[in-house]
Amino acid sequence: MKEGRIVKVAGPLVVAEGMSGQKMYDVALVSEKRLLGEIIELKGDLASIQVYEETGGVGPGEPVYPTGAPLSVELGPGLIESIYDGIQRPLDVIREKVGDFVTRGVSVPALDRNRKWHFVPRAKVGDEVEPGDIIGTVQETVLVEHRIMVPPGVRGKITHIEEGDFTVEDPVARVRTGKGEIEIKMYQKWPVRLPRPYKEKLLPDIPMVTGQRIIDTFFPVTKGGTACVPGPFGSGKTVIQHQLAKWSDADIVIYIGCGERGNEMTDVLIEFPELKDPRSGEPLMKRTVLVANTSNMPVAAREASVYTGITIAEYFRDMGYSVALMADSTSRWAEAMREISGRLEEMPGEEGYPAYLGARVASFYERAGRVITLGKDRREGSLTVIGAVSPPGGDLADPVVQATLRVVKVFWSLDDKLAYRRHFPAINWLTSYSLYRDTVRDYLDKEISPDFYDMQTEAMRILSKEAELEEIVRLVGIEALSESDQLLLEVARSLREDFLHQNAFHEVDTYTSLKKQYLLLKLILYMYEKAKEALERGITVRELRQLPVWERIARAKYISEDELVELEGIKKEIDNEIQGLIGGKSKEA
Amino acid sequence: MKSKVLSGENLKRLREYRTITDVSGPLLMVEGVEGAKYAELVEITLPSGEKRRGQVLQVEEDKALVQVFEGTTGLDIPETTVRFLARGIELSLSPDMLGRVFDGLGRPIDGGPEIIPDVKRDINGSPINPYARDYPNEFIQTGVSAIDGLNTLVRGQKLPIFSGSGLPHNRLAAQIARQARVLGAEEEFAVAFGAMGITFEEADFFINDFKKTGAISRSVLYLNLADDPAIERIATPRVVLTTAEYLAFDLDMHVLVILTDMTNYCEALREISAARKEVPGRRGYPGYLYTDLATIYERAGRIKGKKGSITLIPILTMPEDDKTHPIPDLTGYITEGQIILSRALHRKKIYPPIDVLPSLSRLKDKGIGEGKTREDHADIFNQLFAAYARGKEAQELAVILGEAALSDLDKLYYRFADIFEERYVGQGEYEERSIIETLDLGWELLSMFPRAELKRIRDKYLDKYLPRFKKEEKKEAGEER
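What you see is a predicted model, and the numbers here were worked out from it, not measured in a lab. (Residues numbered from 1 in each chain as written. Chains lettered and ligands numbered in written order. Predicted model: local features only at pLDDT ≥ 70, side-chain atom pairs only at ≥ 80, totals over all residues. Heavy atoms only, no water.)

J.: Describe the overall build of chain B, listing the residues and the values that go with them.
T.: In terms of helices and strands, chain B carries 14 helices and 22 strands. The C-alpha radius of gyration of chain B comes to 25 Å, within 12% of the 23 Å expected for a compact globule of 481 residues. Taking the principal axes of its C-alpha atoms as reference, chain B extends roughly 80 × 50 × 40 Å. A total of 481 residues make up chain B; the buried ones form 62% of that total. Look at the contacts in chain B between residues 6 or more apart in sequence, and 73% of them connect residues 24 or more apart. Summing over all exposed atoms, chain B offers an accessible surface of approximately 17,600 Å²; the carbon and sulfur share of this is 49%. Side-chain charges in chain B split into 66 positive and 76 negative, and the spacing between the mean points of these groups amounts to 4 Å. (Helix = DSSP H or I, 4+ residues; strand = E, 2+ residues; numbered from the N terminus. Rg over C-alpha atoms; globule rule 2.2 N^0.38 Å. Buried < 20%, exposed > 50% of the residue type's maximum accessible area, 1.4 Å probe, protein only. Contact = heavy atoms within 4.5 Å. Areas by Shrake-Rupley, 256 points an atom, 1.4 Å probe, with all protein chains shown as cover. Lys, Arg positive; Asp, Glu negative; His and termini not counted. Charge placed at Lys NZ, Arg CZ, Asp CG, Glu CD.)

J.: An account of the environment of V191 of chain B is needed here, citing residue identities and associated values.
T.: All names here are of chain B. Within the secondary structure, V191 is located in strand 16 (residues 189-198). When its relative accessible area of 0% is taken as the criterion, V191 is described as buried. Residues V191 and M253 lie 62 residues apart in sequence; the distance between their C-alpha atoms is 9.7 Å. For V191, the contacting residues outside a window of four places in its chain are F210, R218, S219, V220 and L256.

J.: Give me the lowdown on the pairing of strand 20 (residues 252-258) of chain A, citing residues and values where you can.
T.: The side chains of a regular strand alternate between the sheet's two faces. Residue and element names in this part refer to chain A. For strand 20, a buried count of seven out of seven residues is recorded, marking the element as mostly surrounded by other parts of the structure. Burial along strand 20 is two-sided: the face carrying I252, I254, I256 and C258 and the face carrying V253, Y255 and G257 are both buried. As paired strands, strand 20 and strand 22 (residues 322-328) are joined by six bridges and run parallel to one another. For Y255, the partnering residue across the bridge sits in strand 22 and is M326. (Pairing = 2+ DSSP bridges.)

J.: So what's going on with the packing of aromatic side chains? Which residues, and what values?
T.: Residues and elements named next belong to chain B. The tally for this structure, following the rule as stated, stands at 24 aromatic pairs over all chains. Relative to F385, the ring of F381 lies with its centre 5.1 Å away and its plane at 80°, an arrangement referred to as edge-to-face. One end of the pair is F381 and the other is F385, both in helix 10 (residues 377-401) and four residues apart, which spans about a single turn. In this pair, the class of F381 matches that of F385, namely buried. Here the aromatic cluster, defined as three or more aromatic residues joined through ring pairs, consists of Y388, Y413, F416, F420, Y424 and F449. (Phe/Tyr/Trp six-rings, centres within 6.5 Å; stacked < 30°, edge-to-face > 60°.)

J.: Describe in detail the sheet that holds strand 11 (residues 134-139) of chain A, supporting the description with residues and values.
T.: Residues and elements named next belong to chain A. Strand order in this open sheet of four strands is 12-11-9-14, and the pairing throughout is antiparallel. Among the strands making up the open sheet, the edge pair consists of strand 12 (145-149) and strand 14 (164-166). With strand direction ignored, the average angle separating the axes of adjacent strands in the sheet is 35°. Relative to strand 12, strand 11 runs antiparallel, the two sharing five bridges. If you follow I134 over to strand 12, its bridge partner there is M149. (Axes fitted to C-alpha atoms, helices over the stretch in contact; angles between N-to-C directions.)

J.: For the packing of helix 12 (residues 435-446) of chain B against helix 13 (residues 459-470) of chain B, give the residues involved together with the corresponding values.
T.: All names here are of chain B. The interhelical angle for the contact between helix 12 and helix 13, taken along N-to-C directions, is 80°, at an axis separation of 9 Å. Classified by the interaxial angle, the pair formed by helix 12 and helix 13 is roughly perpendicular. Contacts from D440, W443 and E444 in helix 12 reach Y461, L462, Y465, L466, R468 and F469 in helix 13. In terms of residue class, the contact of helix 12 with helix 13 is made up of six nonpolar, no polar and three charged. (Parallel < 35°, antiparallel > 145°, perpendicular 65-115°, else oblique. Nonpolar A, V, L, I, M, F, W, Y, C, P; charged D, E, K, R; others polar.)

J.: An account of the interface of chain B and chain A is requested, with residue identities and associated values reported.
T.: The partner chain A presents 82 residues to the 77 residues of chain B that form the contact. Regarding the contact of chain B and chain A, the summed buried area is about 6,700 Å², with carbon and sulfur atoms giving 54% of it. Contact with chain A buries surface across chain B, with Y38, Y333 and K455 of chain B losing the most and accounting together for 12% of the total. The tally of links from chain B across to chain A stands at eight salt bridges. Across the pair K306 of chain B and D100 of chain A runs a salt bridge, and its minimum N-O distance is 3.3 Å. The interface formed by chain B and chain A holds 27 residue pairs in polar contact (both at pLDDT 80 or more) in total. Listed by contribution, the elements that provide at least two residues to the side of chain B that touches chain A are strand 5 (51-60), strand 11 (133-134), helix 4 (236-250), helix 6 (289-297), helix 7 (326-334), helix 9 (364-367), helix 10 and helix 13 of chain B. For the side of chain B that touches chain A, the element with the most residues is helix 10 of chain B, which contributes nine residues. (Buried area = accessible area lost by both parts, 1.4 Å probe. Salt bridge = Lys/Arg side-chain N within 4 Å of Asp/Glu carboxyl O. Polar contact = N/O pair within 3.5 Å; in protein donor to acceptor, adjacent residues only side chain to side chain.)

J.: Could you give an account of the pattern of salt bridges, with specific residues and numbers?
T.: Residues and elements named next belong to chain A. Inspection of every chain in the model, using the stated rule, returns 93 salt bridges over all chains. Across the pair E17 and R5 runs a salt bridge whose closest N-O atoms are separated by 2.5 Å. One end of the pair, E17, is in strand 2 (residues 13-17); the other, R5, is in strand 1 (residues 4-10), with 12 residues separating them in the sequence. Its relative accessible area of 31% is what places R5 among the partly exposed residues.

J.: Explain the sheet that holds strand 16 (residues 180-185) of chain A to me, and be specific about the residues and the numbers.
T.: Residue and element names in this part refer to chain A. With antiparallel pairing, the four strands of this open sheet are ordered in space as 10-13-15-16. Each edge of the open sheet is held by one strand with a lone partner, namely strand 10 (128-129) and strand 16. Note that strand 15 (residues 171-177) and strand 16 share six bridges and pair antiparallel. Following the sheet pairing, A173 is matched in strand 16 by I184.

J.: Please give an account of the nonpolar core that cites residues and values.
T.: Residues and elements named next belong to chain A. Judged by nonpolar contacts, the single largest core of 90 residues is most densely connected at W412, L544, L567 and I578. No other element matches helix 13 (residues 514-536), which puts 13 residues into this core. Looking at this core, you find at least three residues from each of domain 3 (200-447) and domain 4 (452-588). Sequence-distant contacts of L544, that is, excluding residues within four places in its chain, are made with L487, A531, A534, L535, I539, W550, I578 and L581. (Core = buried A, V, L, I, M, F, W, Y, C linked by side-chain atoms within 4.5 Å. Domains from an automatic or database assignment.)

J.: So what about the side chain of D133 of chain A? Which residues, and what values?
T.: Residues and elements named next belong to chain A. Summarising the element assignment, D133 is placed in the loop between strand 10 and strand 11. Residue classification places D133 among the buried residues on the basis of a relative accessible area of 6%. In terms of polar contacts, D133 uses its side chain to reach the side chain of K376, at 2.6 Å. Every residue in contact with D133, bar those within four places of it in the chain, is listed here: E128, I148, M149, V150, G375 and K376.

J.: I'd like a rundown of the domain arrangement of chain A, residues and numbers included.
T.: Where interface size is quoted, it is often the accessible area lost as the parts come together. Segmentation of chain A into domains returns domain 1 (4-70), domain 2 (118-185), domain 3 (200-447) and domain 4 (452-588). Put simply, the middle of domain 1 of chain A and the middle of domain 4 of chain A, counted by C-alpha atoms, are 64 Å apart.

Structural data, given as structure tokens:
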């Protein structure tokens, strides 16, 4: 291919001439150092290239080598347990190659070319196959069976397929198509900016259980749904993202550290191999792919990292898995866009962000969903996207937050005031919402209990009433409230401290099953019922407050999943203690 | 991006030009340049013979845009010459740097000799591979209760101090530098200190403090004072961190880096951005401020298989004590927590005036607990926080309703908040509390509550520790160990 010549270098943006005939978003290698870049603007003979690596030392006159292909990722066995940078270079291999610091112009394949995988065919010679059909499997990790699919665009009859140990480069099958015989390898390439095809989209109506009480009970997200977590720094965004990555009941987790802290990625790298998946007992890392482009790594690669991540996620979705993708944080991605846009001297929109910010954000989240995948067997796969947003100063009027809220269905509003009170997760229950609450109702009715939905409504009513009453208390003091309102405050406090508050670092409290969530909530509401009855029998709130059972309720969340019967015991104690109060009262009388 | 980046035939060719076309603010444009590279270092010779340094910000064909570190005063268009040095800004490094004082670009200003380099490094460094990082989890005892107990610092962390004008952030930073140690280990320890635009008095305070305690012999100081060229500040933190990386990862030292004041750094960055007529972000700061700050802060950390570490404490003064100002805001998104100083506490004459509620150390959970500090640390920390927060709320309420309107329990919290500020947060500038003393102090203060109120502490710790403090005064004397 014809080579171009650099005319201008400004930070991550390089302009080259002699580039006519190149396509938008094709990859070009810049200078003799062969720095990877992507064409983002064409003007006559000139092409603007965003370069994914540091451009220090590059100057006009140096060559540019177009590749004629768009930025693509490699999809095949070896993805799981990997940690990639924003353009899918495996960071572990880079370290082996160049040491502890990421230097420039390192070129390594995303998938190990030498490693052999045991391929077990599922199709046989003579089968008619179409794109998306599974022709065989590879046990990639104990948790993940990697399904080798016919790549999009290939259709025909299998002429050869065999079991055995192969590298990703070896052909495992041959298909006779209308255009001749095609070899099928275990990996395929896919351009990151193009969504992978599927047959049809379905409504996401199954909850993704996260083990986080405030999320599952009050603001659920579904498999195939979208959610966003905006919040000021220090409000626990990253802890929530980590908790979701750890505990959500997805088959595959893709975690994108986009422009965030290096140590946080290390934390994930060190912790995930040790943490056990609550369902299988295997290390969580065995179902995880990490994409890490930390804040000090080149900004253009940060822009690409979310696309790299979501393309990998779609690939696993296509196998029929439920995939959860966490992007922390999409604000950094938007800022990368802004930086590049600024260097292109585009007319800025709000706050200097490019005018196409909203469109880019929307099309990113729209890649989520529950779908019928390609292939004859009509598999169902889902991709849930959860994006963190870091608005400056915690201001929700920020363009990135607003662009995100227009498309996502769940909003977990992080509140730094809650965080200061060390109420974690610091999700504000008054301002958050989930549009999936009614969608998942059928599932909860069937799987947990038909009264769960009404209990949620009741609990939320108590909490919003509390907010109203607090206004009054602030003005006239608690004594001015009626007894029943005072009781409500007591119960609301219990809901907040004993249900909503959840300690991510406590061995039991970190994960709560739906069943336990139901029982805990029921326990608190049961206490409320009984206490209300007691009020009617002339017991005062002051007396009720003294009951030791409150403390038992407070500690109920620390009861482990296999000892849930203890919760029944607490219920009995509630009965006894309240009965005792009422009994004592009538004796006095 | 080591020294090999800008190499080759250019080195041999002398590329000197007298073709400046415009000078505006700290920037100048040179034309007819052959082979200029982005980020290349240039030497500018003034008509007076004075030499200054600059860096290429942008190259387009034969035109190079250069930022001049020492400012453009005295430059002219016809006479000034610009020489392109075919390399980035490099710093000479050697173990002899310890105990020395340099200017903001790394030239000695203490009258000592030039450093004979062991190695030369580009000051921009390269990002640490996230895969090579080792997680910071070694507790650093600073001897300050509000930090050790509640916002624990660990090795390899970056924990900024958010302060305001007139608050004693420098005294606190010096105290941390003086007292910081890792329990049970005597290891090579060094301080790399970078001053950006601070006054002579402030710089003098640090130098004297370091001298007094003997810390100077294991310190490297880079000073860019208020009257030094502002643009030079852009290089200063990078120079400091390049030194720190050398000390930590080449010489196996544990390096504490103090950068003060980052606000001045950001303003210099804004100046350049304005001069380049870039589209401004919030409050006129460039849109890439986050990325730029990240390339500084993220150089802290530990690396697997290396003994040394870089712990970073940047200090910044928040304009109008506003935490949502872009500088503290973006910093908070990059660093692993923040220590916030409070003017209200300072007025109450509490030193250090650390506002513990909004302060946070994100890495504390990995640095505390059994084998690191003590098993009860996490619980007591949670309980102290919750109790103090509630006490503060009670105090706010009392302002509106009067103290009499509070419930008995809230009155207790009210009192606790006061005692807590005075005894736990407050301590002497030269008082060094061990972590055990800090934890025990926490128990002692909490023992004023009935046991049922201590919900955040696990029963087993309540059983184990609480009885020892329940009989308040009597116990106090026998508590040392």
